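# Fold and geometry: a report
Single-letter residue listing:
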Amino acid sequence: MQYRPQGDSIWGTIHTCVEIATGVYAVGARDRNGMEQEGIMVRKSRAEAVFSEKAVTLGQESGGWLCYGENSKDIPIYEVLQRRMANCKRIENSIIRQMEEIRRDGRLALTDYFGECEKPKETPDGWAEAVLRIRNGIYMLRDGSGRKLAVHEAVADNFMTPMAAGYGTVSGEYLFYNMDDSVCAVALNELKNVFQEAAEIVVCEDSLYATLHRDFADYTAFYNLCMPQQEQIPETDAAADCYLGKIW
């Protein structure tokens, strides 16, 4: 059986042949007058297995091959790219699921892995006046300007997206998120999925999601693009800014 197109074709004698996908070939051919033509060739049995019925019917059959010339070669290329995009999405989702499993399995080992994170003493706005430990590397505190959520850089690097970390204000080894405005919602959205102690701070998830859609549309769109549908930030009818309980 001839596995690659060679010799004569509907466009003339094949002189180049490159496999662009499994069983799909981009060929260059020269006719008797020396005219060059390019096209796509795929064995009909292969095309029927991987291409749509419409794409198969638009190919010209010759010796068990389907041939797509100058005016139709984009059709099989388009369907090849569609399959590659679908495969990339499946791989991406698989990687995300594996990362979530590692996060879940590694929750209790965080202290052993990173060591005990020293509690924050100073914030971007001054000295911490009161500090409440949520868990290793996550604290709530008060300073001269109000309440803040403090997230150690080791926690942020391993359990938060770079975009979420970017909303924090850095001081020492910690990122600080004001709890008296909505920026705290970004950090809590990611930490609540990893740490039960962080989830317990959130008294209304729907309000948290409403806050993110209202105030952080770019972050919400980015997060939803990266996550499987069941883990995306949904749109809700809840009131915003009612996601935190009376912690102090």
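Heads up: the structure comes first, above all this text.
Being a predicted model, the structure only gives us computed values, none of them experimental.

Our next topic: the sheet that holds strand 10 (residues 138-143). As summarised here, the arrangement of the 5 strands in space is 9-10-11-13-12, forming an open sheet in which the pairing is antiparallel. What marks the edges here is a single partner per strand, and that holds for strand 9 (130-135) and strand 12 (169-171). Neighbour to neighbour, the strand axes of the sheet diverge by 30° on average, direction disregarded. Pairing between strand 11 (residues 146-152) and strand 13 (residues 174-178): 5 bridges, direction antiparallel.

For the rest of this paragraph, the subject is the packing of aromatic side chains. Under the defined criterion, the tally for this structure stands at 7 aromatic pairs. Ring geometry for Tyr25 and Trp65: centres 6.0 Å apart, planes at 75°, overall edge-to-face. Of this pair, Tyr25 sits in strand 3 (residues 24-30) while Trp65 is found in strand 6 (residues 65-68), placing the two residues 40 residues apart along the sequence. For Trp65, a relative accessible area of 4% gives the class buried. Consider the rings of Tyr167 and Phe216, whose centres lie 5.2 Å apart with planes at 85°: the pair is edge-to-face. Note that Tyr167 is positioned in the loop between helix 6 (162-166) and strand 12 and Phe216 in the loop between helix 9 (205-215) and helix 10 (217-226), a separation of 49 residues in sequence.

Moving on, we come to helix 10. Turning to helix 10, its buried residues number three or more, namely Tyr219, Thr220, Tyr223 and Asn224. Projected down its long axis, helix 10 shows its buried positions confined to an angular sector of 125°, all on one face. Of the exposed residues in helix 10, the ones pointing more than 90 degrees away from its buried face are Asp218 and Leu225.

A few words now on the nonpolar core. In terms of nonpolar packing, the biggest core is built from 37 residues, with Leu149 and Leu191 touching the most fellow members. Contributions of two or more residues to this core are made by strand 10, strand 11, helix 5 (153-159), helix 6, strand 13, helix 7 (184-191), helix 9 and helix 10. With 6 residues, the single largest contributor to this core is helix 7. Leu191 has contacts with Ile138, Leu149, Val151, Val155, Met160 and Ala198, leaving out every residue within four places of it along the chain. In this structure, Ile40, Val42, Ala55 and Val56 belong to the second largest nonpolar core, which totals 12 residues.

Cut-offs applied
- Residues numbered from 1 in each chain as written.
- Predicted model: local features only at pLDDT ≥ 70, side-chain atom pairs only at ≥ 80, totals over all residues.
- Heavy atoms only, no water.
- Pairing = 2+ DSSP bridges.
- Helix = DSSP H or I, 4+ residues; strand = E, 2+ residues; numbered from the N terminus.
- Axes fitted to C-alpha atoms, helices over the stretch in contact; angles between N-to-C directions.
- Phe/Tyr/Trp six-rings, centres within 6.5 Å; stacked < 30°, edge-to-face > 60°.
- Buried < 20%, exposed > 50% of the residue type's maximum accessible area, 1.4 Å probe, protein only.
- Arc of directions from axis to C-beta.
- Core = buried A, V, L, I, M, F, W, Y, C linked by side-chain atoms within 4.5 Å.
- Contact = heavy atoms within 4.5 Å.

Limitation: the analysis is restricted to geometry and does not speak to function.
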